[in-house]
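Chain and residue survey
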Amino acid sequence: MVTAIVHIKAEVDRIPEVAQTIAEIDGVSEVYSITGEYDLLAMVRVAAYEQIAEVIPGRLNKVAGVLHTETHIAFRTYSRHDLDAAFSIGLAESD
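Worth saying up front: this structure is predicted, and the values here are computed from it rather than measured.

**Let's talk about the side chain of Thr3**
One can find Thr3 in strand 1 (residues 2-10). Beyond its immediate chain neighbours, meaning those up to four positions away, Thr3 contacts Met43, Val44, Arg45, His72, Ile73, Ala74 and Thr77.

Spelled out as structure tokens, the structure:
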């Protein structure tokens, strides 16, 4: 699994529409409205590195209202959620 974090600058009056359109793209798992230099943050999760090019420059960057993107590729994922799931396989919580 390859994860990319995409910062997106969008036309201000189209942010909700742009976010919804991006969220519907295959490979995009979440889209967040954020503060700061960028307007949106998209999490892209695909099976292979080559698919990043299909999703980000191939589709996401072409969404009407997207002005600029900056992409960061994750080398490793550290998540409490993932660790909790791994350690709770088949075991019920005890009181």
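**Quick notes on the side chain of Thr69**
Here Thr69 lies in strand 4 (residues 66-74). You can call Thr69 buried: its relative accessible area is 17%. A polar atom in the side chain of Thr69 sits 2.9 Å from the side chain of Asn61. Discounting residues that sit within four places of it in the chain, Thr69 has contacts with Val6, His7, Ile8, Leu60 and Asn61.

**Description of helix 1 (residues 15-23)**
Residues Ile15, Val18, Ala19 and Ile22 constitute the buried set of helix 1. Buried residues of helix 1 fall within an arc of 100 degrees about the axis and therefore sit on the same side. Lining the buried residues of helix 1 we find strand 1, strand 2 (28-33), strand 3 (40-46) and strand 4.

**Quick notes on the sheet that holds strand 1**
As summarised here, the arrangement of the four strands in space is 2-3-1-4, forming an open sheet in which the pairing is antiparallel. Bordering the open sheet on either side are strand 2 and strand 4, each of which pairs with just one other strand. Taking the axes of each pair of neighbouring strands and ignoring which way they run, one obtains an average angle of 20 degrees across the sheet. For strand 1 and strand 4, the ladder comprises eight bridges, and the chain directions are antiparallel. Note that in strand 4 the partner of Ala4 across the bridge is Ile73.

**Brief notes about the pattern of salt bridges**
Between side chains of opposite charge, pairing is possible as soon as their charged atoms come close. Applying the stated criterion to the full structure yields three salt bridges. Residues Glu11 and Arg14 are paired through a salt bridge, measuring 3.8 Å at the closest nitrogen-oxygen approach. A relative accessible area of 29% means that Glu11 is categorised as partly exposed. A salt bridge links Glu17 to Arg14; its shortest N-O distance comes to 2.9 Å. For Arg14, a relative accessible area of 22% translates into the label partly exposed. Each of the salt bridges in this network shares a partner with another, and the network as a whole consists of Glu11, Arg14 and Glu17.

**Details of the environment of Gln51**
Relative to the helices and strands, Gln51 is located in helix 2 (residues 50-55). Among the residues examined, Gln51 registers a relative accessible area of 28% and is labelled partly exposed.

**Details of the nonpolar core**
Grouped together as the largest cluster of nonpolar side chains are 21 residues, with contacts concentrated most on Ile8, Ile22 and Val44. Here this core takes five residues from strand 1, the largest share from any one element. Excluding residues that lie within four positions of it along the chain, Val44 makes contacts with Val2, Thr3, Ala4, Val6, Gly27, Val28, Ile52, Val55 and Ile56.

Procedures and definitions
Each chain carries its own residue numbering, running from 1 in the direction its sequence is written. Per-residue local features are limited, in this predicted model, to residues with pLDDT of at least 70; the limit for side-chain atom pairs, both in listing and counting, is 80 or more; totals at the level of whole chains, interfaces and linings are taken over all residues. Side-chain measures were taken over the full set of non-hydrogen atoms in the model, leaving aside hydrogen atoms and water. What counts as a helix is a DSSP run of H or I of at least four residues, what counts as a strand is a run of E of at least two, and both are numbered from the N terminus. When checking whether two residues touch, look at their non-hydrogen atoms; a contact exists if any pair is within 4.5 Å. The rule is simple: take the accessible area with a 1.4 Å probe, protein chains only, and divide by the maximum for that residue type; under 20% is buried, over 50% is exposed, in between is partly exposed. In protein, a polar contact means a hydrogen-donor-capable atom and an acceptor-capable atom, both N or O and within 3.5 Å, with residues adjacent in sequence counting only if both atoms are side-chain atoms; elsewhere, any N or O pair within 3.5 Å suffices. An arc is given here, and it is the one of the directions from the helix axis to the C-beta atoms. For two strands to count as paired, DSSP must find a minimum of two bridges between them. The axes used here are C-alpha line fits, helices contributing only the stretch in contact, and every angle between their N-to-C directions lies in the interval 0 to 180 degrees. The working definition used for a salt bridge is a side-chain nitrogen of Lys or Arg within 4 Å of a carboxyl oxygen of Asp or Glu. In this description, a nonpolar core means a group of buried Ala, Val, Leu, Ile, Met, Phe, Trp, Tyr and Cys residues linked to one another through side-chain atoms lying within 4.5 Å.

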